[in-house]
Amino acid sequence: MKFTKMQGLGNDYVYVNCFEETVDNINEIAKKISDRHFGVGSDGLVLICPSDKADFRMDMYNSDGTQAEMCGNAIRCVAKYAHDRGLTDKTSISIETLAGIKTLELNLENGSVKNVRVNMGKPELVPKNIPIDSGLDRFIRQDVDVDGKIYKVTGVSMGNPHAVVFVDEMPDMPVLGPKFENHKLFPRRINTEFAKIVDRKTIKMRVWERGAGETLACGTGACATMVAARLSDFIGNEADIVLLGGTLHIEWDGGDVFMTGPCEFVFDGNYNID
């Protein structure tokens with residue numbers, strides 16, 4: 001199976017062009033190919049597929065083999081692959097995901113995609129739709145007991161569920177991340193962002209991703225953090241979200257969320273799926 005390794009701010013995935021390749025037993029392949037010791041090594045597997053609703057369809061799987069609805073870093077890489085590998089010559093494209101159809105504007109440099117601005121859609125704030133087991137209309141800075149300590153949590157869905165926690169100092173991610181991910185409040189598990197406000201236009205963030213653990217960046221998580229910070233009036237309508245792998249620029253004025261960030265090829269290869 002031919003594949004391409006790509007990354008957006010260090011959030012790396014293995015991409016397969018399903019216009020040319022067929023992948024069976026996807027969940028197991030995703031686990032094996034993502035293994036950083038015995039496989040290619042990645043945060044997951046992304047299939048670039050035909051769509052009857054949009055220009056392309058993105059099917060993605062976490063490194064534990066579970067299917068994910070959406071990834072902001074991965075979708076930018078899909079756009080770069082589609083343009084730079086000749087699947088389209090358009091600089092405005094649509095991509096179907098399990099979180100809906102996203103529109104992307106491709107910014108070129110010397111004929112190749114340098115960065116992409118993605119319309120990530122409107123955030124979902126109703127707890128039952130995130131989902132969070134709560135009878136509230138909104139879940140904004142609510143007290144949540146995790147391992148005997150109270151955290152102020154804001155729930156946001158960007159097509160996938162997020163719990164945003166504003167902190168003064170970053171916690172021990174390998175210890176605390178799984179406890180949030182598997183907390184009883186979150187029936188489909190949760191992606192958790194630990195965010196520190198730097199100023200009115202800058203937020204530092206680390207992320208524990210459902211099904212993948214801590215990653216260097218998370219596009220949907222950056223968007224969820226922007227929304228949570230704006231709801232608490234910590235920032236204005238746009239901000240730089242500084243992650244371990246780099247910086248995303250996020251805009252939200254109460255409507256659709258827009259994310260701008262880079263995307264890069266790493267290498268091409270062949271994987272024996274037998």
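First things first, this report covers the structure right here in the doc. (Residues numbered from 1 in each chain as written. Predicted model: local features only at pLDDT ≥ 70, side-chain atom pairs only at ≥ 80, totals over all residues. Heavy atoms only, no water.)

### Examining the pairing of strand 7 (residues 100–109)
Part 1 of the reasoning: Relative to strand 7, strand 6 (residues 92–97) runs antiparallel, the two being bridged by 6 bridges. The partner of Ser-94 across the bridge, within strand 7, is Thr-103.
Part 2 of the reasoning: Relative to strand 8 (residues 112–121), strand 7 runs antiparallel, the two sharing 7 bridges. From the neighbouring strand, Leu-108 faces strand 8, where its bridge partner is Val-113.
Part 3 of the reasoning: The hairpin turn running from strand 7 into strand 8, its antiparallel successor, is 2 residues long, and Asn-110 in that turn takes a positive phi close to 55 degrees. (Pairing = 2+ DSSP bridges. Helix = DSSP H or I, 4+ residues; strand = E, 2+ residues; numbered from the N terminus.)

### Quick look at helix 3 (residues 173–181)
Part 1 of the reasoning: Three or more residues of helix 3 are buried, namely Met-173, Leu-176, Gly-177, Phe-180 and Glu-181. For helix 3, the angular spread of buried residues about the axis comes to 135 degrees, placing them on one side.
Part 2 of the reasoning: Looking at the buried positions of helix 3, the neighbouring elements they touch are strand 9 (142–146), strand 10 (149–157), strand 11 (161–166), strand 12 (191–199), strand 13 (202–209) and strand 14 (213–215). (Buried < 20%, exposed > 50% of the residue type's maximum accessible area, 1.4 Å probe, protein only. Arc of directions from axis to C-beta. Contact = heavy atoms within 4.5 Å.)

### Examining the packing of aromatic side chains
Part 1 of the reasoning: Under the defined criterion, the tally for this structure stands at 7 aromatic pairs.
Part 2 of the reasoning: With a centroid separation of 6.4 Å and 75 degrees between ring planes, the pair formed by Tyr-13 and Tyr-15 is classed as edge-to-face. No difference in accessibility class separates Tyr-13 from Tyr-15, as the two residues are buried.
Part 3 of the reasoning: Among the aromatic side chains, those forming a connected cluster through ring pairs are Tyr-151, Phe-180 and Phe-194.
Part 4 of the reasoning: Against the face of Phe-265 rests Arg-85, its NZ or CZ located 4.3 Å from the ring centre. (Phe/Tyr/Trp six-rings, centres within 6.5 Å; stacked < 30°, edge-to-face > 60°. Lys NZ or Arg CZ within 6 Å of the ring centre and 35° of its normal.)

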